[in-house]
Amino acid sequence: MTKVEALIRPQRLDEVKAALNDIGIYGMTVTEVRGAGKQKGFTQHYRGAEYTVNLLQKLKLEIVVPDDQARQVAEAIVQAARTGEIGDGKIFLTPVADAIRIRTGDEGESAIL
Ligand SMILES: Nc1ncnc2c1ncn2[C@@H]1O[C@H](COP(=O)(O)OP(=O)(O)OP(=O)(O)O)[C@@H](O)[C@H]1O
Ligand SMILES: [Mg+2]
């Protein structure tokens, strides 16, 4: 299994959710976070800004899927979240060792399908 972790603009959540639903993905965790990328949270640099980092509001989506679905999920997020402007966000893919559905005790992919 792979965890797809996407940092996106809050305004793109509805589009991203719809794109994921379209490919059969419903299970996800969404968290309000603050962060910065390579512009250090500024859309342009100005005197004095170099010594600080401005943390901007983003949403973090976490979606655990079977390995063979991870690329498709990431591509759906890219398409739905992109505006073409700086700050569109980032996606990280990480391996997941196991999953357990608490209600049933299902383990592994059975717990997420
Ligand atoms: N290296 C990183 N590690 C962890 N989180 C990151 C990293 N880079 C970006 N993020 C997260 O992604 C969010 C969006 O980053 P952002 O889209 O500005 O990345 P970027 O690399 O600066 O790309 P762009 O040039 O398009 O702005 C940040 O607010 C932060 O939450
Ligand atoms: Mg940036």
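Preceding block: the structure.
The structure displayed is predicted, hence computed values, not measured ones.

Turning our eyes to something else, we now look at the site of ligand 1. The environment of ligand 1 is made up of 13 residues, and the closest members are Gly 35, Lys 38, Gly 87, Gly 89 and Lys 90. Backbone polar atom of Gly 87 to an oxygen atom of ligand 1: 2.6 Å apart, as the coordinates give it. For ligand 1, whose free accessible area comes to 610 Å², the fraction covered by protein is 70%.

The 4 strands lie next to each other as E2-E3-E1-E4, forming an open sheet whose pairing is antiparallel. One side of each edge strand has no neighbouring strand; the edge strands of this open sheet are strand E2 (29-35) and strand E4 (90-95). Strand-to-strand twist of the sheet, defined as the mean angle between neighbouring strand axes without regard to direction, takes the value 25°. Here strand E1 (residues 2-8) pairs with strand E3 (residues 56-65) via 7 bridges, running antiparallel. Its bridge partner lying in E3, Lys 3 is registered against Val 64. In this fold helix H1 (residues 13-22) packs onto E1, E2 and E3, with an angle of close to 10° to the strand it touches most, E3. Against the sheet, helix H2 (residues 67-81) engages E1, E3 and E4, with an angle of about 10° to E1.

Our focus in this paragraph is H1. The α-helix advances 3.6 residues per turn, and as a result positions three or four apart in sequence lie on the same side. Those residues of H1 that fall on the buried side of the exposure criterion are Leu 13, Val 16, Ala 19 and Leu 20. The buried residues of H1 occupy an angular sector of 130° when the element is viewed end-on, so they sit on one face. In H1, the exposed positions that point more than 90 degrees away from the buried face belong to Asp 14 and Asp 22. Check the buried side of H1 and you find it contacts E1, E2, E3 and H2. Looking one or two places after H1, you find Gly 24, whose phi comes out positive at around 85°.

Reading guide: rules and limits
Counting from 1, residues in each chain are numbered in the order their sequence is written. Chain labels run from A onward and ligand labels from 1 onward, assigned in the order the entries are written. Where totals are concerned, whole chains, interfaces and linings use all residues; where local detail is concerned, this predicted model gives features only for residues with pLDDT of at least 70, and gives and counts side-chain atom pairs only at 80 or more. The side-chain quantities take in all heavy atoms of the structure and omit both hydrogens and water. For each residue, the test is whether any non-hydrogen atom lies within 4 Å of the molecule or strand; if one does, the residue is near. Throughout this description, a polar contact denotes any pair of N or O atoms lying within 3.5 Å of each other; where both atoms belong to protein, one of them has to be capable of donating a hydrogen while the other can accept it, and for residues adjacent in sequence the pair is counted only when both atoms sit in side chains. The method behind every accessible area is Shrake-Rupley, applied with a 1.4 Å probe, and residues are considered shielded solely by the protein chains displayed. The pairing criterion for strands is at least two bridges between them, as found by DSSP. Helix and strand definitions follow DSSP, with helices as H or I runs of at least four residues and strands as E runs of at least two, each counted in order from the N terminus. The axes are straight lines fitted to the C-alpha atoms, using for helices just the contacting stretch, and the angles between their N-to-C directions are given from 0 to 180°. Note on contacts: a residue pair is in contact if any heavy atoms of the two residues lie within 4.5 Å. Three exposure classes are used, based on accessible area relative to the maximum for each residue type with a 1.4 Å probe and protein chains only: buried under 20%, partly exposed in between, and exposed over 50%. Throughout, the arc means the angular range of directions from the helix axis out to the C-beta atoms.

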